[in-house]
Structures are given as structure tokens and as C-alpha cells.
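Here is how the chains run, residue by residue.
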Amino acid sequence: MTNVLMLCGSLRKGSTNEAALRTARAVAPDGLDATLYAGMGDLPHFNPDDDREPLHPAVADLRAAIGAADALLICTPEYAGALPGSFKNLLDWTIGGGEIYEKPVAWLNVASPAAPTGGGDAHASLRKVLGYAGTEIVEAACARIPVIRPDVGEDGLVRTAEPRARLREAVEALHAALRP
């Protein structure tokens, strides 16, 4: 069984980013177990002075979840031309522990077609941070799949056929990259 940890860069309740990850989990192929990380809002502000034992419990939980995962799948919005501050904070906490080093990582971009840069600036920032962290970016599983709010059903899943199919393709590509 392949274990993928899903990281949502949005704290917004009912975000299209979270809906995309929940849908990717729902349509994942057999043999892939996906867990949506829910602790971003509990992380303290990153301070290098605090990046030592004993770690804040939320930081220890994040690092343990990353360490236990075979890969990461990220879906984050763009705010003010870059990554949301809370998500950058999460990424900052991953550097000191080393659990993310050489970890296969992919991302989904679900910015609506109306977004000025399509979320490209956030993903350029994400690529930079993930490169610094020494991750292995799985390019075949990175995808731009626009999702708009009406695409999301009451159950919090993307219900529109085309984005659902493309989310499945992305998660299948990540799963395929993890198999020997």
C-alpha cells in the first residue's frame, strides 16, 4: 500500500483546493491510501529558535505524518502573488526535520480560469521551496485543473466529470511514479 499525505494550502472552509484533494483521495487507484493533513491551523509561527526538541506537538505531528508518507500531494491557492503565509509557515517547519528530504512530491493547481496568473506565482514559489528542501518533484503528477465553486457538491467533492477525471489522472501518475 502506498501512503500519500495530502497538504492543502488553504485554511478556508470548503475551499476548492481542499475539494480537489478530497476528490483525488476518493478517485485514487487501489493500492493508494491518501490522508488529508488537517493540522496547518495549529502550527505555531515558525521560529528557528523553536526548531529543536521538544518540538511543539503540532510540529511533531506534521513531521511524523510526512515521515510516514511515501509521497506528498499539495494543492494550494495563490495569495498576493505567492504562497499563502500559513502554508509557507507549514513548509518552513518541514526543513529542519529532514523528513521531506528526497520525498516524492506533486501538486495540483485548481485556480479558476479567471485567476490572473492561474496560480502560477504560487507554484513557482512552491517549486523553489521544495527544491531547497531537496524533494523529488514528480512532474508527471503535477497538473493545472481549474475548479470553480459550482463544480463542488454538497459533499465537498468535485462533481464535474472533466476535473474529476483529470484529478484521477494526476493521482494515478503519482502512484505510478512510486511503484518500483
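Relevant structure appears above.
Let me sum up the structure you'll find in this document. Position numbers for residues count from 1 along each chain, tracking the sequence in the order it is written. Whole-chain, interface and lining totals are the exception, using all residues; otherwise, since this is a predicted model, local features are given only for residues with pLDDT of at least 70 and side-chain atom pairs are given and counted only at 80 or more. Side-chain numbers here rest on the full set of heavy atoms in the structure, without hydrogens or water.

1. Here we look at the layout of surface pockets
Part 1: Using only the protein atoms, space was sampled on a 1 Å grid; points where a 1.4 Å probe fits but cannot get out form cavities, open sets with protein on both sides within 12 Å along at least five of seven lines form pockets, and lining residues are those with an atom within 4 Å of a point. Grid points are joined across faces, edges and corners, and a volume is the space filled by probe spheres set on the points. Quantified by volume, the largest pocket comes out at close to 290 Å³.
Part 2: The wall of the largest pocket is formed by 18 residues, among which Arg12, Thr16, Asn17, Pro77 and Arg149 lie closest to the centre.
Part 3: Put simply, Ala, Val, Leu, Ile, Met, Phe, Trp, Tyr, Cys and Pro go in the nonpolar bin, Asp, Glu, Lys and Arg in the charged bin, and everything else, Gly too, in the polar bin. Grouping the constituent residues of the lining of the largest pocket by class yields 6 nonpolar, 9 polar and 3 charged.
Part 4: Approximately 200 Å³ is the volume found for the second largest pocket.
Part 5: Along the wall of the second largest pocket there are 16 residues; nearest its centre are Ser10, Leu11, Glu18, Tyr37 and Ala38.
Part 6: Secondary structure elements are defined from DSSP: runs of H or I of at least 4 residues count as helices, runs of E of at least 2 residues count as strands, and each element is numbered from the N terminus. Mapped onto the lining of the second largest pocket, the elements with two or more residues apiece are strand S1 (2-8) and helix H1 (16-26).
Part 7: For the lining of the second largest pocket, the per-class residue count stands at 8 nonpolar, 4 polar and 4 charged.

2. Re the environment of Asn89
Part 1: Structurally, Asn89 is set in helix H3 (residues 85-95).
Part 2: A residue is classified by how much of its surface remains accessible, and Asn89, at 12% relative accessible area, is buried.
Part 3: C-alpha of Asn89 to C-alpha of Ser125: the two residues are 36 residues apart in sequence and 13 Å apart in space.
Part 4: Every residue in contact with Asn89, bar those within four places of it in the chain, is listed here: Leu43, Pro44, His45 and Phe46. For every residue, the accessible area obtained with a 1.4 Å probe (protein chains only) is divided by the maximum for its type, and the residue is called buried under 20%, exposed over 50%, and partly exposed between those limits. Only heavy atoms enter the contact rule, under which two residues are in contact if any of them lie within 4.5 Å.

3. Points about the packing of helix H2 (residues 57-68) against H3
Part 1: The axes used here are C-alpha line fits, helices contributing only the stretch in contact, and every angle between their N-to-C directions lies in the interval 0 to 180 degrees. Their axes nearest at 10 Å, the elements H2 and H3 cross at an angle of 75 degrees. One finds that H2 runs roughly perpendicular with respect to H3. Here Val59, Leu62, Arg63 and Ile66 of H2 lie close against H3, whose contacting residues are Leu90, Trp93 and Thr94. Comment on the angle field: the value is read as roughly parallel under 35 degrees, roughly antiparallel over 145, roughly perpendicular from 65 to 115, and oblique elsewhere.

4. Side note on the state of the cysteines
Part 1: Disulfide: a pair of cysteine sulfur atoms within 2.5 Å of each other. If you walk through the whole model with that rule in mind, you get 0 disulfides.
Part 2: Free of any disulfide, Cys75 has its nearest neighbouring cysteine sulfur in Cys8, separated by 6.3 Å.
Part 3: Overall, the relative accessible area of 0% leaves Cys75 in the buried class.
Part 4: The closest cysteine sulfur to the non-disulfide-bonded Cys142 is located on Cys75, 11 Å from its own sulfur.

5. A short note on the pattern of salt bridges
Part 1: Note on definitions: salt bridges are taken to be side-chain nitrogens of Lys or Arg within 4 Å of carboxyl oxygens of Asp or Glu. Overall, the coordinates contain 5 salt bridges when judged by the stated rule.
Part 2: Here Lys88 and Asp92 are joined by a salt bridge, their closest N and O atoms 2.4 Å apart. Of the two residues, Lys88 and Asp92 both sit in helix H3, 4 residues apart, roughly one turn of that helix.
Part 3: The residue Arg127 makes a salt bridge to Glu139 at a minimum N-O spacing of 2.7 Å. In this pair, Arg127 sits in helix H4 (residues 120-132) while Glu139 sits in the loop between strand S5 (136-137) and strand S6 (143-144), placing the two residues 12 residues apart along the sequence.

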